[in-house]
Amino acid sequence: MAVAARLASLLVLLALWQVAAAFADARTLPAPSAVAAFVVREIETGGMLFNIGVTLARVGISFVIAMSLGMLLGVLLGRSRLADRTLDTPLLVVLNTPALVITVLAYVWLGLTETAAIVAVALNKLPNVAVIMREGARGLDPGLEEMARTYRFDRRTWVAHVLVPQLQPFAVAAARSGISLAWKIVLVVELIGRPNGVGFAINYYFQLFDVTAVIGYSLVFMTVMLALDTLVLQPLDAHVRRWR
């Protein structure tokens, strides 16, 4: 039923797009068939697949770095009042700094390199993960904590059977919000200072005022990221919340 509803809404959007394109200039709002034809041509030449692969690699690397460091930082802040008081303000500063500013500074300090691009994306994502994980670490069940002390759990057992199970829903929530944030920032990073990737391609076609290409690249990459969320992250979220 849910799948049918989604398909129906997609068909409605396509129909509205087709109607709007019929009354608009083809150069500013191409029809769905024109965008589809461009996508097929780009896939056949290999250009789109290459650019999507490069962007996905950047998203993946920066996502892993941000999730790993952000989870550790979030647990530290949630479990230590001293660490929370010391690092809360710097965390909020980075969290509220625009992605564009962090990206530009990364390129200025590290050069127009792949390392700078990864660092920029990871820094933009890390505070978000840390804040979510901090809330999870703050809300650990006191009953389970008391049980762990009563049975004298060692540190490894406490982490495996008390900490991790309670933090899993927060980690998945951070991952789902983070992946959507990361790919958007990657496109900005590529648009500003990389010679390949989806962001670079969109910028290139924008300079040519090729709206068909811009929409084509955007839709294909959004489809890939939505598929990742639907096929991987949503089932994972349901799995870690199954005990509820």
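Residues numbered from 1 in each chain as written. Predicted model: local features only at pLDDT ≥ 70, side-chain atom pairs only at ≥ 80, totals over all residues. Heavy atoms only, no water.

J.: Describe in detail the overall build of the protein chain, supporting the description with residues and values.
T.: Counting its secondary structure elements, the protein chain contains 10 helices and zero strands. Ordering the α and β elements of the protein chain from the N terminus gives α-α-α-α-α-α-α-α-α-α. In terms of its C-alpha atoms, the protein chain occupies a principal-axis envelope of roughly 70 × 50 × 30 Å. Evaluated residue by residue, the protein chain yields a buried proportion of 37% over its 244 residues. (Helix = DSSP H or I, 4+ residues; strand = E, 2+ residues; numbered from the N terminus. Buried < 20%, exposed > 50% of the residue type's maximum accessible area, 1.4 Å probe, protein only.)

J.: How would you sum up the pattern of salt bridges? Please name residues and give values.
T.: Enumeration over the complete set of coordinates arrives at nine salt bridges. Between aspartate 229 and arginine 176 there is a salt bridge, with its nearest N and O atoms 3.1 Å apart. Of the two residues, aspartate 229 sits in helix H10 (residues 211-240) while arginine 176 sits in helix H8 (residues 155-193), which places them 53 residues apart along the sequence. Assessed through its relative accessible area of 28%, arginine 176 is described here as partly exposed. Linked through salt bridges whose partners overlap, the residues forming this network are Asp84, Asp88, Arg134, Glu135 and Arg138. (Salt bridge = Lys/Arg side-chain N within 4 Å of Asp/Glu carboxyl O.)

J.: Run through the nonpolar core, naming residues and quoting values.
T.: By size, the foremost hydrophobic cluster in this structure holds 45 residues, and its most contacted members are Phe38, Met48, Val59, Val189, Val198, Tyr217 and Phe221. Counting only elements with at least two residues in this core, the list comes to helix H1 (2-23), helix H2 (32-45), helix H3 (47-79), helix H5 (99-110), helix H6 (114-138), H8, helix H9 (198-207) and H10. Of all the elements, H8 adds the most residues to this core, at 14 residues. (Core = buried A, V, L, I, M, F, W, Y, C linked by side-chain atoms within 4.5 Å.)

J.: Describe the packing of aromatic side chains, and please don't skip the residues or the numbers.
T.: Within the structure shown, the criterion is met by five aromatic pairs. With a centroid separation of 5.4 Å and an interplanar angle of 70°, the aromatic rings of tryptophan 183 and phenylalanine 221 are classed as edge-to-face. Taken as a pair, tryptophan 183 in helix H8 and phenylalanine 221 in helix H10 lie far apart in primary sequence, 38 residues in all. Each member of the pair, tryptophan 183 as well as phenylalanine 221, is classed as buried. Among the aromatic residues, ring-to-ring pairing joins Phe38, Tyr204, Tyr205 and Tyr217 into one connected group. (Phe/Tyr/Trp six-rings, centres within 6.5 Å; stacked < 30°, edge-to-face > 60°.)

J.: How would you sum up the layout of surface pockets? Please name residues and give values.
T.: There is about 450 Å³ of room inside the largest pocket. Secondary structure elements with two or more residues in the lining of the largest pocket: H1, H2 and H10. Here the element with the most residues in the lining of the largest pocket is H10; it accounts for six residues. A breakdown of the residues in the lining of the largest pocket according to their chemical character gives 12 nonpolar, two polar and no charged. (1 Å grid on protein atoms, 1.4 Å probe; cavity = no way out; pocket = protein on both sides within 12 Å on 5 of 7 lines; lining within 4 Å. Points joined across faces, edges and corners; volume = space filled by probe spheres on them. Nonpolar A, V, L, I, M, F, W, Y, C, P; charged D, E, K, R; others polar.)

J.: Describe H5, and please don't skip the residues or the numbers.
T.: Here H5 is 12 residues long and its end C-alpha atoms lie 16 Å apart, about the 16 Å a rise of 1.5 Å per residue gives. Among the residues of H5, Ile102, Thr103, Ala106 and Tyr107 are the ones counted as buried. The buried residues of H5 occupy one face: seen down the axis, they fall within an arc of 130°. In H5, the exposed positions angled more than 90 degrees off the buried face are occupied by Val108 and Trp109. Downstream of H5 by a residue or two, glycine 111 has a phi angle that is positive, lying close to 85°. (Expected span 1.5 Å × (residues − 1). Arc of directions from axis to C-beta.)

J.: So what about the side chain of threonine 103? Which residues, and what values?
T.: Assignment of secondary structure puts threonine 103 in helix H5. Here threonine 103 falls in the buried class, since its relative accessible area comes to 0%. Those residues in contact with threonine 103 that sit more than four places away from it in its chain are Ala120, Asn124, Val189 and Ile192. (Contact = heavy atoms within 4.5 Å.)

These figures capture arrangement, not role.
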